[in-house]
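Here's the letter readout for the chains.
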Amino acid sequence: MTIPHLFRCPISLDLFKDPVTLCTGQTYDRPSIEKWLAAGNLTCPVTMQKLDDPALVPNHTLRHFINQWLQMGNQFDPDYLETIGSLASLKHTLESHEVTLKSKVQALEKIRALSQSESPYTSNLFLQLGFLPLLLELVFGGEEAIHKQKLKQQLPQECYYMKFVEDALSCTLILLPHGKLESLNMLREESKLASFQALFAHGTALIRMSLCRLIEVTSTSPETKELCYMFGKNHQLLHRISVQLLQQNSNSETADAGIKAISTLTSLEENREILVRQGVVNGLITYINSSTERRERSLAPLAMATLEKLLGLESAKEAVINYNNNNNNNNNLNGVHALVKMVFRVSDDHQGSESAVGCLIILCNDSLLAREEAIRGGVLTQLLLLLQSQCSGRTKTKARMLLKLLRRTN
């Protein structure tokens, strides 16, 4: 069989037996490169770069592919081999300290295009070649201070840094469903978590949305439950999601991403008290209120369901009753009124109505003030309209319970 170029040592031109990689990213057969170095050469034979580190790192991935090729013989798909070569080259570009950020951004664009292809083996090759941990390390591996400095500066190379982080996170999110989610557990390290916070604080809207999606993913696997818990007790991160995304940008796509992240963190009961203390209730109500002013579909039903979970806490009930939206021109608007507006308005299929009524039942059951505010906000009309609608039987049952509860006010 003709030996594929990718499987030949650049020095001996023979099939790799023990492939090892230099700091330049070039791979050689161990006996050949050891002989080169023993002769006093301090450069990489292919690139002629000076070797700052002469260490030889075993290339287990390449050895695996060579063994595959030897077993399959002539049945080895040439396109498969070509893809391996292309991905290996792209990986080297990302790993190299000599390559410019602009070139790395271009490499990430190619990676994103390949990862979205319908090729039956491309996703598997990305994982076998270790792209997922590499991308996570590239995004979160730097020191927090470095992230802050790069993100705050507006020099051309720092603009490439922004684009690099955006694209690297985009590729990560594409590959995650095909890989092992425990790769995300690197974020449990203090330095990595600090980088995560720095990116959230100073990154672009697209970066923040991607980080929210990473938070969302942590609840989907038992392996990342501890990480989800760590996010949920990170006061600085929670405050930024609540204030920067939900309250200050309640009409944006980033707010939608923030709602999903908060909903994920609320799924762990041990996170809820901290979420309330960091102002998440105010963020949810601000988002819910802004959604009543938007005609397009929003995640208000998810926000309502999340708030209903939090209302198991007395502190959350107090936060709703004491809420005042300072950013709204209507200074009389409070948390209870915002919930009343959701009883009969969330889309034609009444998504969110059940949670809105459920929230009001919890609040009105113990608070005369909440009952009075609900009636003042027009809840009786809303409930009557809901009972005449095509909503579910369970929602109508809850609506009747709330009407019965409100009679105590008189």
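What counts as what
Residues numbered from 1 in each chain as written. Predicted model: local features only at pLDDT ≥ 70, side-chain atom pairs only at ≥ 80, totals over all residues. Heavy atoms only, no water. Helix = DSSP H or I, 4+ residues; strand = E, 2+ residues; numbered from the N terminus. Buried < 20%, exposed > 50% of the residue type's maximum accessible area, 1.4 Å probe, protein only. Contact = heavy atoms within 4.5 Å. Areas by Shrake-Rupley, 256 points an atom, 1.4 Å probe, with all protein chains shown as cover. Axes fitted to C-alpha atoms, helices over the stretch in contact; angles between N-to-C directions. Parallel < 35°, antiparallel > 145°, perpendicular 65-115°, else oblique. Left-handed = near helix turned anticlockwise from the far one by under 90°. Pairing = 2+ DSSP bridges. Salt bridge = Lys/Arg side-chain N within 4 Å of Asp/Glu carboxyl O. Core = buried A, V, L, I, M, F, W, Y, C linked by side-chain atoms within 4.5 Å. Domains from an automatic or database assignment. pLDDT = per-residue confidence, 0-100. Lys, Arg positive; Asp, Glu negative; His and termini not counted. Polar contact = N/O pair within 3.5 Å; in protein donor to acceptor, adjacent residues only side chain to side chain. 1 Å grid on protein atoms, 1.4 Å probe; cavity = no way out; pocket = protein on both sides within 12 Å on 5 of 7 lines; lining within 4 Å. Points joined across faces, edges and corners; volume = space filled by probe spheres on them. Nonpolar A, V, L, I, M, F, W, Y, C, P; charged D, E, K, R; others polar.

**Some words on the overall build of the protein chain**
Turning to step 1, where the next piece is worked out: From N to C terminus, the protein chain includes 22 helices and 3 strands.
Turning to step 2, where the next piece is worked out: A total of 410 residues make up the protein chain; the buried ones form 49% of that total.
Turning to step 3, where the next piece is worked out: Once local pairs closer than 6 in sequence are excluded, the contacts in the protein chain between residues at least 24 apart make up 69%.
Turning to step 4, where the next piece is worked out: Total accessible area on the protein chain stands at roughly 20,000 Å², and carbon and sulfur atoms take up 49% of it.

**A word on the packing of helix 10 (residues 205–217) against helix 13 (residues 253–266)**
In helix packing, the relevant descriptors are the interaxial angle and the interaxial distance, both defined with respect to the helix axes.
Turning to step 1, where the next piece is worked out: Where helix 10 meets helix 13, the closest approach of the two axes is 8 Å, and the angle between their N-to-C directions is 20°. With respect to helix 13, the axis of helix 10 lies roughly parallel. The crossing of helix 10 and helix 13 is left-handed. Across the interface between the two elements, Ala205, Met209, Cys212, Ile215 and Glu216 of helix 10 pack against Glu253, Thr254, Ala257, Gly258, Lys260, Ala261, Thr264 and Leu265 of helix 13.

**A word on the sheet that holds strand 2 (residues 27–29)**
Turning to step 1, where the next piece is worked out: Within the open sheet, the 3 strands sit side by side as 2-1-3. Their pairing is antiparallel. Edge positions in the sheet fall to strand 2 and strand 3 (57–58), since each has one partner strand and no second.
Turning to step 2, where the next piece is worked out: Where strand 1 (residues 19–21) meets strand 3, 2 bridges bridge the pair, whose relative direction is antiparallel. Bridging across to strand 3, Thr21 finds its partner in Val57.
Turning to step 3, where the next piece is worked out: Lying on the sheet, helix 1 (residues 30–38) is in contact with strand 1, strand 2 and strand 3; it crosses strand 2 at an angle near 95°.

**Structural notes on the pattern of salt bridges**
Turning to step 1, where the next piece is worked out: Considering all chains together, one arrives at 13 salt bridges under this definition.
Turning to step 2, where the next piece is worked out: Between Asp18 and Arg30 there is a salt bridge whose closest N-O contact spans 2.8 Å. With a gap of 12 residues between them, Asp18 in the segment before strand 1 and Arg30 in helix 1 connect regions that are remote in the sequence.
Turning to step 3, where the next piece is worked out: Classification of Asp18 by relative accessible area gives partly exposed; the value is 23%.
Turning to step 4, where the next piece is worked out: We classify Arg30 as partly exposed; its relative accessible area is 23%.
Turning to step 5, where the next piece is worked out: The salt bridge involving Glu137 is made with Lys192; its shortest N-O contact spans 3.9 Å. Note that Glu137 is positioned in helix 6 (residues 131–140) and Lys192 in helix 9 (residues 190–202), a separation of 55 residues in sequence.
Turning to step 6, where the next piece is worked out: Connected through salt bridges with shared partners, the residues Asp18, Arg30, Glu34 and Arg63 form a single ionic network.

**Quick look at the nonpolar core**
Turning to step 1, where the next piece is worked out: Judged by nonpolar contacts, the single largest core of 118 residues is most densely connected at Phe140, Phe196, Leu307 and Leu402.
Turning to step 2, where the next piece is worked out: For this core, the element with the most residues is helix 8 (residues 156–175), which contributes 9 residues.
Turning to step 3, where the next piece is worked out: Lining this core are residues from two domains, each supplying at least three of them: domain 1 (1–76) and domain 2 (335–344 + 352–409).

**A closer look at the confidence of the model for the protein chain**
Turning to step 1, where the next piece is worked out: Per-residue pLDDT for the protein chain has a mean of 85; in total, 89% of the residues score no lower than 70.
Turning to step 2, where the next piece is worked out: Within the model, the stretch residues 326–330 combines pLDDT values under 50 with 4 contacts to residues more than four positions away or in other chains.

**A short note on unusual backbone geometry**
Turning to step 1, where the next piece is worked out: With phi around 65°, Leu13 is a residue other than glycine that occupies positive phi space.
Turning to step 2, where the next piece is worked out: Structurally, the position occupied by Leu13 is in the segment before strand 1.
Turning to step 3, where the next piece is worked out: Despite not being glycine, Met48 shows a phi value in the positive range, around 60°.
Turning to step 4, where the next piece is worked out: Locating Met48 in the fold gives a position in the loop between helix 1 and strand 3.
Turning to step 5, where the next piece is worked out: The exposure class assigned to Met48 is exposed, which follows from its relative accessible area of 51%.

**Quick notes on the side chain of Lys396**
Turning to step 1, where the next piece is worked out: Turning to its location among the elements, Lys396 is positioned in helix 22 (residues 393–406).
Turning to step 2, where the next piece is worked out: Within the buried set, Lys396 has no salt-bridge partner at all; the shortest N-O distance to an opposite charge, 13 Å, is to Glu354.
Turning to step 3, where the next piece is worked out: For Lys396, the side chain forms a polar contact with the main-chain oxygen of Ser389, separated by 3.1 Å.
Turning to step 4, where the next piece is worked out: Here Lys396 is in contact with Leu386, Leu387, Ser389 and Cys391, once residues within four sequence places are set aside.

**Description of the layout of surface pockets**
A probe as big as a water molecule, rolled over the atoms, marks out the empty space that is left.
Turning to step 1, where the next piece is worked out: The computed volume of the largest pocket comes to approximately 1,100 Å³.
Turning to step 2, where the next piece is worked out: Of all the secondary structure elements, the ones that give two or more residues to the lining of the largest pocket are strand 3, helix 2 (60–72) and helix 3 (78–95).
Turning to step 3, where the next piece is worked out: No other element matches helix 3, which puts 7 residues into the lining of the largest pocket.
Turning to step 4, where the next piece is worked out: Looking at the lining of the largest pocket residue by residue, the class counts come to 17 nonpolar, 15 polar and 7 charged.

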